[in-house]
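# Close look at the chain arrangement
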Amino acid sequence: MNYGSALYHGRRIVVGRVGDAALDLTAASLGSEFAPLFADGSLDALLAAGRPTWQAVHAAAASWAEHDLIPLEELTMLLPFTVADYVDFYASEQHATNVGRIFRPDGDALTPNWKHLPIGYHGRAGTVVVSGVDVVRPSGQAREPDGSIRFGPSRRLDIEAEVGFVVGTPSRQGIPVPIADFAEHVFGVCLVNDWSARDIQSWEYVPLGPFLGKSFATSISAWITPLDDLDAAWTAPPVRNPAPLPYLDDSPSPAALDLALEVRLNGELISRPPFAGMYWTPPQLLAHLTVNGASLRTGDLIASGTVSGPERDQRGSLLELSWNGTEPLQLAGGERSFLLDGDEVTITATALGREGPITLGEVTGRIVAQPATP
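Helices and strands together make up the secondary structure of the chain, namely 10 helices and 27 strands. Expected size for 374 residues packed as a compact globule is a radius of gyration near 21 Å; at 21 Å, the chain falls within 12% of this value. Counting only C-alpha atoms, the chain reaches 70 × 55 × 35 Å along its principal axes. When each of the 374 residues of the chain is scored for burial, the buried share is 53%. Within the chain, counting contacts between residues at least 6 apart in sequence, those at least 24 apart form 72% of the total. Approximately 16,300 Å² of the chain is accessible, and the part contributed by carbon and sulfur atoms is 54%.

Across all of its chains, the model carries 9 aromatic pairs by this definition. Taking the centre distance of 6.2 Å and the plane angle of 65° together, the rings of Phe34 and Trp64 count as edge-to-face. Here Trp64 lies in helix H4 (residues 51-64) and Phe34 lies in the loop between helix H1 (25-28) and helix H2 (35-38), a separation of 30 residues in the sequence. A relative accessible area of 8% means that Trp64 is categorised as buried. Centre to centre, the rings of Phe182 and Trp234 are 6.2 Å apart; their planes meet at 85°, and the pair counts as edge-to-face. In this pair, Phe182 sits in helix H6 (residues 182-185) while Trp234 sits in strand S18 (residues 234-235), placing the two residues 52 residues apart along the sequence. A relative accessible area of 22% places Trp234 in the partly exposed class. What links up through ring pairs into an aromatic cluster is the set Phe165, Phe182, Trp234 and Phe275.

For residues other than glycine, phi is negative in most cases, and the peptide bonds are mostly trans. Here Val206 and Pro207 are connected by a cis peptide whose omega angle stands at 10°. Among the structural elements, Pro207 can be located in the loop between helix H7 (198-204) and helix H8 (212-215). Cis geometry is adopted by the peptide bond preceding Pro242, which originates at Asn241 and carries an omega value of 10°. Along the chain, the position of Pro242 falls in the loop between S18 and strand S19 (256-257). Non-glycine residue His9 carries a positive phi angle of around 55°. By secondary structure assignment, the location of His9 is in the loop between strand S1 (2-8) and strand S2 (11-18). Positive phi, normally seen in glycine, also occurs at Asn266, with a value near 50°. The exposure class assigned to Asn266 is partly exposed, which follows from its relative accessible area of 43%.

Bridge count between strand S10 (residues 139-143) and strand S11 (residues 149-153): 5 bridges; the pairing is antiparallel. Its bridge partner being in S11, Ala142 is matched across the sheet by Arg150. What sits between S10 and S11 in their antiparallel hairpin is a turn of 5 residues, with Gly147 showing a positive phi close to 95°.

With that out of the way, let us pick up helix H9 (residues 282-290). Burial of H9 is extensive: 9 of the 9 residues sit out of reach of the surface. Every buried residue belonging to H9 is among Pro282, Pro283, Gln284, Leu285, Leu286, Ala287, His288, Leu289 and Thr290, and all of these are buried. In this structure, the buried residues of H9 make contact with strand S6 (86-89), strand S13 (161-167), H6, strand S14 (186-193), S18 and strand S22 (301-303).

Rules used in this analysis
Residues numbered from 1 in each chain as written. Predicted model: local features only at pLDDT ≥ 70, side-chain atom pairs only at ≥ 80, totals over all residues. Heavy atoms only, no water. Helix = DSSP H or I, 4+ residues; strand = E, 2+ residues; numbered from the N terminus. Rg over C-alpha atoms; globule rule 2.2 N^0.38 Å. Buried < 20%, exposed > 50% of the residue type's maximum accessible area, 1.4 Å probe, protein only. Contact = heavy atoms within 4.5 Å. Areas by Shrake-Rupley, 256 points an atom, 1.4 Å probe, with all protein chains shown as cover. Phe/Tyr/Trp six-rings, centres within 6.5 Å; stacked < 30°, edge-to-face > 60°. Pairing = 2+ DSSP bridges.

This is the structure we're talking about:
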């Protein structure tokens, strides 16, 4: 069962997805010990309760399914939890290699540190939005081919198909979280589209990295899939060379998550990124994030970075799919290198669950032009 938050007849409730309908967990839990976890209509209290409670709630929810289900079209989905901190990684070797070849054709595709540590940056938690919310085309500075500096709406607006991990149990500052404790801290998984203004990003990112080219919006699924539902989806990660340092050693157990993503632009399938091939695995991302003593907070969102595979139709960004605009996609709705106003992007994913295939909550967003200035 996936978990979310929604408005229903004017009240905010926690819901569990059952096929094409939803169970009102706020109502169904009344009279039980779990009622306080759903009282405010968000997942915040459930996330903070810890793994034993997550498992107990998940087991109890099966018996609550006798309550009347709500058709999904009667719900207005909300951001399911309060986002505390947001960290975005760069964990796909294929994506990092493609970007390196595009922007450094005469140099090494990967930077010297890339295979030694998961590279990441801190994003803006306040502009994380739920699936279905329109994304306004951002403005910023960009450098023109002649060297002049232009200010205005981004002309190279892009997608990034990613997977997000939602932290429940916090950690103490100064105490690193080892790889083996990943499941004790991470409640569940969501899909992420980390929209990127490539022209703004390329001008601003040296020397401190992404800023305005990323911070305008990040879309996440309305539904969070509990990590325990994905027990059957763990698999062996790619071979690493050089071997990771001890705190990043995930060899004792399968640490890669086998999710099959699909990206659609205006309904047309444009990519099938495979998450199992990510060089850096989810437990490694969490371990690296905290190895310096940084603490986890309930509601932290940890994103994988763009998911890309070795084949052309497995690339998770338009930057790669169009090779920075030199090889535009030929689509039913016309040629695309980057997003136009009105374009709608949907990312979906499936995985092997305990009882067969399961579907993660999709993430959808539509690009809209900036409103005219009065």
